[in-house]
Amino acid sequence: MVDDIKILKELSLAEQLRRVARLWRNVADKELAPLGLTHPRWTALWKLQNLNDNVSQKALAKALEIELASLMRTLNQLEEQNLIVRNCSETDKRVRIVSLTDEGKAMIEKVEARILQIRRDLMAGISKEELSQFKRTVELIAHNALAQLNESEHD
């Protein structure tokens, strides 16, 4: 543990952010594994619920910032677990709509409870003010990065 903190302090800010995100993900994955959920599965369920359910596969992939082809395996697995169903859109038969099943909705409740507990555990010792400032800083970095990317696209 002490060695991990020493390594973290020696990394650049970008490396620190990447490492913290990876550690957070690993903690979440470890906590959610007993539910039969891998990272791609639980994040797809979480995002589907946050999109208010009943969305196209394409919209879900876009929201997850992954390619549709990458999402298909995960959706197949979630369907096998009876956590989602996919149906053709009533307006365009080429479009497949992803919906949570009752089992999927129950699973989301379990996931939410565990994710919120993980968040509380990982945020232990951080004041609301510190967290608010960190959030503003990360949002500014993201804004600046997006502006630079958009600027590069127009050059």
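Residues numbered from 1 in each chain as written. Predicted model: local features only at pLDDT ≥ 70, side-chain atom pairs only at ≥ 80, totals over all residues. Heavy atoms only, no water.

As named in an unreviewed UniProt entry, the protein is Transcriptional regulator SlyA, taken from Shewanella canadensis.

**Q** For this particular structure, what's the right way to read the domain arrangement of the protein?
**A** By a widespread convention, an interface's size corresponds to the accessible area lost as its parts come together. Partitioning the protein into structural domains gives domain 1 (12-124) and domain 2 (126-154). One C-alpha centre belongs to domain 1, the other to domain 2, and the line joining them spans 24 Å. At the junction of the two partners, domain 1 supplies six residues and domain 2 supplies four residues. Linking domain 1 with domain 2 are zero salt bridges, by the criterion used here. In this assembly, domain 1 and domain 2 are joined by two residue pairs in polar contact (both at pLDDT 80 or more). Contributing elements (two or more residues each) for the side of domain 1 that touches domain 2: helix 2 (13-32) and helix 6 (102-122). (Domains from an automatic or database assignment. Contact = heavy atoms within 4.5 Å. Salt bridge = Lys/Arg side-chain N within 4 Å of Asp/Glu carboxyl O. Polar contact = N/O pair within 3.5 Å; in protein donor to acceptor, adjacent residues only side chain to side chain. Helix = DSSP H or I, 4+ residues; strand = E, 2+ residues; numbered from the N terminus.)

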